[in-house]
Amino acid sequence: MGVLQSSQSSSSDEALCKQAAKGDPAAEEELAVRYARLVRACARPLFLAGGDSEDLIQEGMVGLLTAIRSFDVGRDASFRTYAEICIRSRLHSAIRAAQRDKHSPLNHSVSLPPLFDESNAHLFPREKSPEDVVIGREEFEEKLDALKGQLSSFELNILQLYLGGFSCREIAVRVGRSSKSVDNAVQRIRKKWARP
């Protein structure tokens with residue numbers, strides 16, 4: 001089993017997709033482990049007011065699983081690109097469903113535009129006109145600047161790592177603090193963001 005896992009960890013994403021399509025659960029699991037951080041990075045900018053961010057991460061993992069099971073290796077797109085589109089699509093569908101009151105854990109979601117990855121913004125346009133896009137960006141930047149002014153340097157560092165997709169445990173290792181200290185900082189940041 002160790003030899004099998006070792007060979008899978010050195011396999012390309014596309015090769016693992018082929019194995020997963022043939023019913024290999026270990027290949028599917030390897031891809032899920034590889035892309036867990038991407039799921040967190042996609043879900044983190046979508047704060048949940050009154051809910052748990054783990055709900056959105058779980059939705060993102062469902063999107064990843066969909067990507068693994070439906071990826072066509074014959075296409076010219078890389079698995080990573082396809083997976084990111086499936087993850088983001090699933091997250092935005094969950095937010096829209098929550099706004100229609102279909103999923104009670106997500107009823108009070110507040111969507112923040114991605115801070116570090118605007119390359120895929122065209123895939124999920126929210127505004128209808130270029131003017132709305134500019135106004136929306138300006139409003140977001142103003143709110144973000146106001147938030148940064150309320151954050152300590154520690155909290156600002158935590159925010160950047162958190163939105164980068166790192167888990168509280170990974171952030172704790174990077175900043176040399178306990179996971180509980182990092183989690184508390186994340187909760188303080190969320191409260192500050194939610195303030196009018």
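Residues numbered from 1 in each chain as written. Predicted model: local features only at pLDDT ≥ 70, side-chain atom pairs only at ≥ 80, totals over all residues. Heavy atoms only, no water.

Undergrad: So what about the overall build of the protein chain? Which residues, and what values?
TA: For the protein chain, the helix and strand inventory stands at nine helices and zero strands. Scanning the protein chain from its N terminus toward the C terminus, one meets helices and strands in the order α-α-α-α-α-α-α-α-α. Counting every position in the protein chain, which comprises 196 residues, the buried fraction comes to 36%. Entry remark: accessible area of the protein chain is about 11500 Å², with carbon and sulfur atoms responsible for 51%. (Helix = DSSP H or I, 4+ residues; strand = E, 2+ residues; numbered from the N terminus. Buried < 20%, exposed > 50% of the residue type's maximum accessible area, 1.4 Å probe, protein only. Areas by Shrake-Rupley, 256 points an atom, 1.4 Å probe, with all protein chains shown as cover.)

Undergrad: Which residues make up helix 2 (residues 13-21), and what are the values?
TA: Restricting attention to buried positions, one finds in helix 2 the residues Asp13, Leu16, Cys17 and Ala20. Buried positions in helix 2, seen along its axis, are confined to an arc of 105 degrees and lie on one side of it. (Arc of directions from axis to C-beta.)

Undergrad: Any details on the environment of Val62? Residues and values, ideally.
TA: Secondary-structure assignment places Val62 in helix 4 (residues 53-70). What makes Val62 partly exposed here is its relative accessible area of 32%. A C-alpha to C-alpha distance of 10.0 Å links Val62 and Ala32, two positions 30 residues apart in sequence.

Undergrad: Summarise the environment of Ile68; cite the residues concerned and give the values.
TA: Among the secondary structure elements, Ile68 is positioned in helix 4. Residue Ile68 is classed as buried on the basis of its relative accessible area, which comes to 3%. For the pair Ile68 and Cys86, spaced 18 residues apart in the sequence, the C-alpha separation amounts to 9.5 Å. If near-sequence neighbours (up to four positions away) are discounted, Ile68 is found in contact with Cys17, Ala20, Glu28, Leu31, Ala32 and Phe79. (Contact = heavy atoms within 4.5 Å.)

Undergrad: Quick rundown of the side chain of Glu59? Include the residues and the values.
TA: Following the sequence through the fold, Glu59 ends up in helix 4. Owing to a relative accessible area of 17%, Glu59 belongs among the buried residues under this scheme. Side chain to side chain, Glu59 and Arg90 meet in a polar contact 2.7 Å long. (Polar contact = N/O pair within 3.5 Å; in protein donor to acceptor, adjacent residues only side chain to side chain.)

Undergrad: Residues and numbers for the packing of aromatic side chains, please.
TA: Per the counting criterion, the structure on display carries three aromatic pairs. Ring centres of Tyr35 and Phe79 lie 5.2 Å apart, and the angle between their planes is 80 degrees; this geometry places the pair in the edge-to-face category. Here the residue Tyr35 occupies a position in helix 3 (residues 25-43), and Phe79 occupies one in helix 5 (residues 79-99), the gap between them amounting to 44 residues. An identical accessibility class is assigned to Tyr35 and Phe79; each is buried. Ring centres 5.4 Å apart and planes at 90 degrees place the aromatic pair Phe71 and Phe79 in the edge-to-face group. For the pair formed by Phe71 and Phe79, the shared burial category is buried. (Phe/Tyr/Trp six-rings, centres within 6.5 Å; stacked < 30°, edge-to-face > 60°.)

Undergrad: Pulling in residues and values, what's your account of the nonpolar core?
TA: Leu31, Leu64, Phe79, Ile87 and Leu91 are the most contacted members of the largest nonpolar core, which has 23 residues in total. The element that contributes the greatest number of residues to this core is helix 3, accounting for seven residues. Those residues in contact with Ile87 that lie beyond four places of it in its chain are Leu38, Val39, Cys42, Gly60, Gly63 and Leu64. Listed in part, the 18 residues of the second largest apolar core include Leu161, Leu163, Ala172 and Trp193. (Core = buried A, V, L, I, M, F, W, Y, C linked by side-chain atoms within 4.5 Å.)

Undergrad: Break down the environment of Asn157 for me, citing the residues and quoting the values.
TA: Residue position: Asn157 is located in helix 7 (residues 153-163). The exposure class of Asn157 is partly exposed, given its relative accessible area of 32%. For Asn157 and Ala185, which are 28 residues apart along the polypeptide, the C-alpha to C-alpha distance reads 10.0 Å.

Undergrad: Let's hear about the confidence of the model for the protein chain: which residues, and what values?
TA: The predicted model of the protein chain averages 75 in pLDDT, with 70% of residues at 70 or higher. Here residues 102-110 is modelled with pLDDT under 50, and outside its nearest four sequence neighbours on either side it reaches 23 contacts, counting other chains as well. Low pLDDT, under 50, characterises residues 112-128; the stretch is placed with 32 contacts to residues that sit more than four places away or in other chains. (pLDDT = per-residue confidence, 0-100.)

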